[in-house]
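Okay, here's what each chain looks like letter by letter:
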Amino acid sequence: MGVTLGQPVDDFTAQATGNKAVTLSELRGQQVVVYFYPKASTPGCTTEGGDFRDRKPQFDAANTVILGVSRDGIRAQENFKAKQGFNFELVSDKDESLCQLFDVIKLKKLYGKEHLGIERSTFLIDREGNLASEWRGVKVPGHVDEVLAAAQALHAAT
């Protein structure tokens, strides 16, 4: 499994905040940013989510939906969204089906111990459901601006 630039992304349905199920095929006609973060309510993930929150009007203007994804349960996602005032949905991927589809589970080191975790990654899907851009091993500072520029360019080209 995995995604390939320029190719269709397999359809998926996932449980999201707001008691919603998000289905990729139902978002056709809009661009979709799917960003994966390691853990809700941690510093880097809070900063990244806040950057997406603060730029959501520009993403909206570029006809782009934002979805944040982690392995946290739906309650943790709801709390994270509420506490940070996120204006987009967060997806609970406890079974790692989306993580596997986008191949974001990597061997990581924390305090000298190795474990499998989410590699911070972002994917931009075009209006037809094809993978237009991907960022892997993301560093948070400046990242959302780069994703926004790509979304705006893709929107302008259509």
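Look up: the structure comes first, before these words.
Just so you know, these numbers come straight off a predicted model, no measurement behind them.

Attention now moves to the overall build of the protein chain. Within the protein chain, the regular secondary structure consists of four helices and nine strands. Traced from its N-terminal end to its C-terminal end, the protein chain shows the element sequence β-β-β-α-β-α-β-α-β-β-β-β-α. The C-alpha atoms of the protein chain give 15 Å as radius of gyration, which agrees with the globular expectation for 158 residues (15 Å, within 12%). Seen through its principal axes, the protein chain has C-alpha atoms that stretch 45 × 35 × 30 Å. Residue pairs in contact within the protein chain that sit at least 24 positions apart in sequence constitute 63% of those at least 6 positions apart.

The pairing of strand E8 (residues 121-125) with strand E9 (residues 131-136) spans five bridges and is classified as antiparallel. For phenylalanine 123, the partnering residue across the bridge sits in E9 and is glutamate 134. The turn linking E8 back onto E9 is made up of five residues, and glycine 129 within it adopts a positive phi angle of 95°.

A word on the environment of arginine 127. Among the structural elements, arginine 127 can be located in the loop between E8 and E9. According to the relative accessible area criterion, arginine 127 is partly exposed, its value standing at 31%. Residues arginine 127 and valine 138, eleven residues apart in the sequence, show an inter-C-alpha distance of 24 Å. For arginine 127, the contacting residues outside a window of four places in its chain are Arg28, Gly29, Gln30, Gln31, Asn63 and Thr158.

Attention shifts here to the nonpolar core. Counting 25 residues, the largest nonpolar core has Val9, Phe36, Leu98, Phe102 and Ile125 as the members making the most contacts within it. When contributions to this core are tallied by element, the ones reaching two or more residues are strand E1 (13-16), strand E3 (31-36), strand E4 (64-70), helix H3 (97-101) and E8. Excluding its chain neighbours within four sequence positions, the residues that come into contact with valine 9 are Val3, Leu24, Leu101, Phe102, Ile125, Gly129, Asn130 and Leu131. The next biggest cluster of nonpolar side chains, apart from the first, holds 20 residues, and it includes Tyr37, Leu124, Trp135 and Leu148.

On to the packing of aromatic side chains. Scanning the model with the defined rule gives twelve aromatic pairs in all. Summarising the aromatic geometry, the rings of phenylalanine 12 and phenylalanine 102 are spaced 6.3 Å apart at their centres and angled 75° between planes, so their arrangement reads as edge-to-face. Note that phenylalanine 12 is positioned in the segment before E1 and phenylalanine 102 in the loop between H3 and strand E6 (105-110), a separation of 90 residues in sequence. Relative to phenylalanine 80, the ring of tyrosine 37 has its centre 5.8 Å away and its plane inclined at 55°; by these criteria the two rings are tilted. With tyrosine 37 in the loop between E3 and helix H1 (43-61) and phenylalanine 80 in helix H2 (residues 74-84), the pair connects residues that are 43 residues apart, well separated along the chain. Under the relative-accessibility criterion, tyrosine 37 is labelled buried at 0%. The class for phenylalanine 80 is buried, based on a relative accessible area of 0%. A connected cluster of aromatic rings, assembled from ring pairs, spans Tyr35, Tyr37, Phe52, Phe59, Phe80, Phe86 and Phe88.

This brings us to the pattern of salt bridges. Under the criterion given, the structure shown has eleven salt bridges. Linking aspartate 54 and arginine 53 is a salt bridge whose minimum nitrogen-to-oxygen distance equals 2.9 Å. When its relative accessible area of 23% is taken as the criterion, arginine 53 is described as partly exposed. Residues arginine 71 and glutamate 96 are paired through a salt bridge, measuring 2.8 Å at the closest nitrogen-oxygen approach. Residue arginine 71 is located in the loop between E4 and H2, and its partner glutamate 96 is located in the loop between strand E5 (89-92) and H3; the two are separated by 25 residues in the primary sequence. With a relative accessible area of 28%, arginine 71 lands in the partly exposed category. The network of salt bridges with shared partners includes Lys20, Lys81 and Glu89.

Cut-offs and rules
Residues numbered from 1 in each chain as written. Predicted model: local features only at pLDDT ≥ 70, side-chain atom pairs only at ≥ 80, totals over all residues. Heavy atoms only, no water. Helix = DSSP H or I, 4+ residues; strand = E, 2+ residues; numbered from the N terminus. Rg over C-alpha atoms; globule rule 2.2 N^0.38 Å. Contact = heavy atoms within 4.5 Å. Pairing = 2+ DSSP bridges. Buried < 20%, exposed > 50% of the residue type's maximum accessible area, 1.4 Å probe, protein only. Core = buried A, V, L, I, M, F, W, Y, C linked by side-chain atoms within 4.5 Å. Phe/Tyr/Trp six-rings, centres within 6.5 Å; stacked < 30°, edge-to-face > 60°. Salt bridge = Lys/Arg side-chain N within 4 Å of Asp/Glu carboxyl O.

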